[in-house]
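Each chain, written out:
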Amino acid sequence: LLSEFARTMITDFPIVAILEHLVKRIVDVLPITSAGVTLLSAGSAPHYVAASDESALRFERVQTDLAHGPCLSSFMTGEAVAIPDLRDDDRFPLFAPLAVEAGLVAVFTFPLRHGSGCLGALDLYRQTPGPLDPREMTTAQTLADVAAAYLLNAQSREDARVAARQLYHTTLHDPLTGLPNRLLLAERLEQAERRARRSRACTAVLFVDIDEFKLVNDTHGHHAGDALLIAVAHRLSSVVRSSDTLARFSGDEFVFLCEDLRTVADAEVVARRIGRALTEPFIVAGNDFLVSASVGIAVAGPDDEVSDQLIVNADLAMYQIKRKGGAGHQLIDLHEAQQSSADVQLRAELRMAFANDELEVAYQPIVRLIDREPVGAEALLRWTHPTRGQIPAITMIRMAEQTGLIADIGLWVLERACLARADWMTHRARASLEIAVNVSVRQLLDTSFPAQVQQVLGRTRMDPTALVLEVTESILIENYGRCASVLDSLKLLGVRLALDDFGTGYSSLSYLDRLPIDILKIDRGFVSNISATAASRMIAASIRTLAHDLGLTVVAEGVETELQHDAVASLGCEYAQGYFYARPMSTGAISAYFRKDDGAFAGAHHPALQGVATVC
Ligand code: C2E
Ligand code: MG
Ligand code: MG
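Residues numbered from 1 in each chain as written. Chains lettered and ligands numbered in written order. Predicted model: local features only at pLDDT ≥ 70, side-chain atom pairs only at ≥ 80, totals over all residues. Heavy atoms only, no water.

**Looking at the packing of aromatic side chains**
Link 1 in the chain: Within the structure shown, the criterion is met by seven aromatic pairs.
Link 2 in the chain: An angle of 70° between the planes, with centres 5.2 Å apart, marks the rings of phenylalanine 207 and phenylalanine 249 as edge-to-face. Placement of the pair is phenylalanine 207 in strand 6 (residues 202-210) and phenylalanine 249 in strand 7 (residues 245-250), with a sequence separation of 42 residues.
Link 3 in the chain: With a relative accessible area of 15%, phenylalanine 249 lands in the buried category.
Link 4 in the chain: Members of the aromatic cluster, joined through ring pairs, are Tyr363, Trp424, Tyr593 and Phe594.
Link 5 in the chain: Between arginine 58 and the ring centre of phenylalanine 59, over which it is positioned, the NZ or CZ distance is 5.9 Å.
Link 6 in the chain: Between arginine 583 and the ring centre of tyrosine 579, over which it is positioned, the NZ or CZ distance is 3.9 Å. (Phe/Tyr/Trp six-rings, centres within 6.5 Å; stacked < 30°, edge-to-face > 60°. Helix = DSSP H or I, 4+ residues; strand = E, 2+ residues; numbered from the N terminus. Buried < 20%, exposed > 50% of the residue type's maximum accessible area, 1.4 Å probe, protein only. Lys NZ or Arg CZ within 6 Å of the ring centre and 35° of its normal.)

**Some remarks on helix 19 (residues 562-571)**
Link 1 in the chain: For helix 19, the full list of buried residues reads Gln564, His565, Ala567, Val568 and Leu571. All buried residues of helix 19 fall inside an arc of 165° around its axis, so they share one side. Opposite its buried face, helix 19 presents the exposed residues Leu563 and Ser570, each directed more than 90 degrees away.
Link 2 in the chain: For helix 19, the elements touching its buried residues are helix 17 (524-530), helix 18 (534-549) and strand 21 (553-556). (Arc of directions from axis to C-beta. Contact = heavy atoms within 4.5 Å.)

**As for the coordination of the magnesium ion (ligand 2)**
Link 1 in the chain: On the protein side, the magnesium ion (ligand 2) has Glu378 (OE), Asn438 (OD1), Glu470 (OE) and Asp500 (OD) as donor atoms, found 2.0 to 2.2 Å from it.
Link 2 in the chain: Between the magnesium ion (ligand 2) and the magnesium ion (ligand 3), both coordinated by aspartate 500, there is a metal-metal distance of 4.1 Å. Taken together, the residues glutamate 470 in strand 18 (residues 467-472) and aspartate 500 in strand 19 (residues 496-502) connect sequence positions 30 residues apart. Here glutamate 470 matches aspartate 500 in class, with each residue buried. (Donors = N, O, S within 2.8 Å, 3.2 Å for Na, K, Ca; no water.)

**A short note on the site of ligand 1**
Link 1 in the chain: Around ligand 1 there are 23 residues in total, and Glu378, Asn438, Asp500, Glu560 and Tyr579 lie nearest to it.
Link 2 in the chain: Separating an oxygen atom of ligand 1 from a side-chain N or O atom of glutamate 557 is a distance of 2.9 Å.
Link 3 in the chain: Tyrosine 579 is positioned such that a nitrogen or oxygen atom in its backbone is 2.8 Å from an oxygen atom of ligand 1.
Link 4 in the chain: Here ligand 1, which alone exposes 780 Å², has 86% of that area covered by the protein.
Link 5 in the chain: Elements that contribute at least two residues to the shell around ligand 1 include exactly strand 14 (373-382), helix 12 (393-403), strand 17 (434-439) and strand 19.
Link 6 in the chain: At four residues, the largest contribution of residues to the shell around ligand 1 is made by strand 14.
Link 7 in the chain: For the shell around ligand 1, the residue count by class is 10 nonpolar, five polar and eight charged. (Near = heavy atom within 4 Å. Polar contact = N/O pair within 3.5 Å; in protein donor to acceptor, adjacent residues only side chain to side chain. Areas by Shrake-Rupley, 256 points an atom, 1.4 Å probe, with all protein chains shown as cover. Nonpolar A, V, L, I, M, F, W, Y, C, P; charged D, E, K, R; others polar.)

This is the structure in structure tokens:
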């Protein structure tokens, strides 16, 4: 029997198996009817009970229920108890009558000792009276001791297993919500990949981001934010089937991994369930919160690969729905996603190009309509990408706005433009030239912008009245409240302000008298129609009348043909700009252009010039 125990050391025997083995085999080696064992610890219910048969099990239970009996005594004293005949023994008055009635006559109990403590007791039962001889008593105690040693061993193995399980749980779960974390999600995704190959079903990832969650943290504090996340996690859990995984991805982002879907529509059903689960307001820390989420969906069909790209795509889809205002779901639009990943690269390249001084400024002349004389130029940003060629200015500006680079680029363009204008003016005999520089609304939202402009004006010794800052109409109107004071400060510097692309914002006329602007630039879209339809002509005429009534100067943009030139001239616009007069050109070319114009004035009688070389 000892050697059988020894073998359990090397196999991974669980505690119950050791106990059951002990009680069954001890009946074979000692003169007893049955055996039982109970593991106890002070102050708590018995951990484990094992018995060689039903009657022994009953005797074990009776003693622990009564908290009295030879078994308990051995456990408490650490000594063996021998009762050769229960009928003549008065030590256990509660246990003995019950045991005798059930046919028990002799009981021998042995403590399961370890060090100074005790794990429980081994109990031997017999239906006939008489003692165990000393050798048998020693054998029983030895087996009890050995069993105790193995139990301790198994116990520490079990403890290690529990600790490992706990560790596994904490490394794979989010401590706040208890949901699986990214690591476990990645593991589940790998399993899903293997399963999908066999099942040929659809696998979907739904990327959930709580709308405006930052506001909760900002206005109610992180405690409320955390409590809300726990509540949200709880509701989201109600949406998942047991085979799905819901993970907390980060902050206010949750990810669902759903397997075994039949079609893409099934994924959308889950998305709608998510929306519904969040409809009821959340009551957290005494406040009501109305929560909505943006859910991005990516689905791998039977022939698609299941990989972490699904998460990337679902995340992109989440941003796509966010851009549309959030509070809904959207299936990944791969075309748009490709575009935005290309954008990420281009944004990084733009930053590098700016740092490496690879950007340039082109200048497009602005002419006076009555005599087509150039009066100045507009500065336009240029970037020739090494592989993609010319990047449209609008694209660059949008990216610079997204990355915050616009502030630096904008000031750089301003400085370059002021220096270029200083160069044109050095040898100029004719009237002063003005320079127009475009300003992004992001720059106008920065209250330090006027001071920065003032510094550039100082550094470049620029005459502020020769500088026109152009702001796009629609964007200015939308943000007017927030940049009004910056516009006023700019006016105080002496610079002039132009409303660019006028006519694209539609709702703008009523605002005109409130804005501190001097110049209205009629958008190319209007100009291109002017010679074509009577209606466009009438609209353009009324814009011109309104502008003049308000004391504004009008510049027509994008004049490409003689007809358009005639139309805007007869309308009474003062200035124009467009390919018909000159295209945007490099610093060197515009400098030559103005010098030639000046020369024409100084010597010959030619009117203004066309077709100056380098076009940008
Ligand atoms: P914008 O300020 O309205 O500039 C005029 C745009 O119309 C320029 O495009 C110019 O090349 C183009 N253009 C001029 N004449 C004609 C014409 O006859 N026909 C046609 N089809 N187009 C003409 P570009 O350079 O691509 O700039 C586009 C926009 O990008 C600008 O519109 C401006 O809003 C913005 N932008 C350019 N440079 C800067 C800059 O340095 N800072 C800021 N914030 N925005 C800039
Ligand atoms: Mg402009
Ligand atoms: Mg414009």
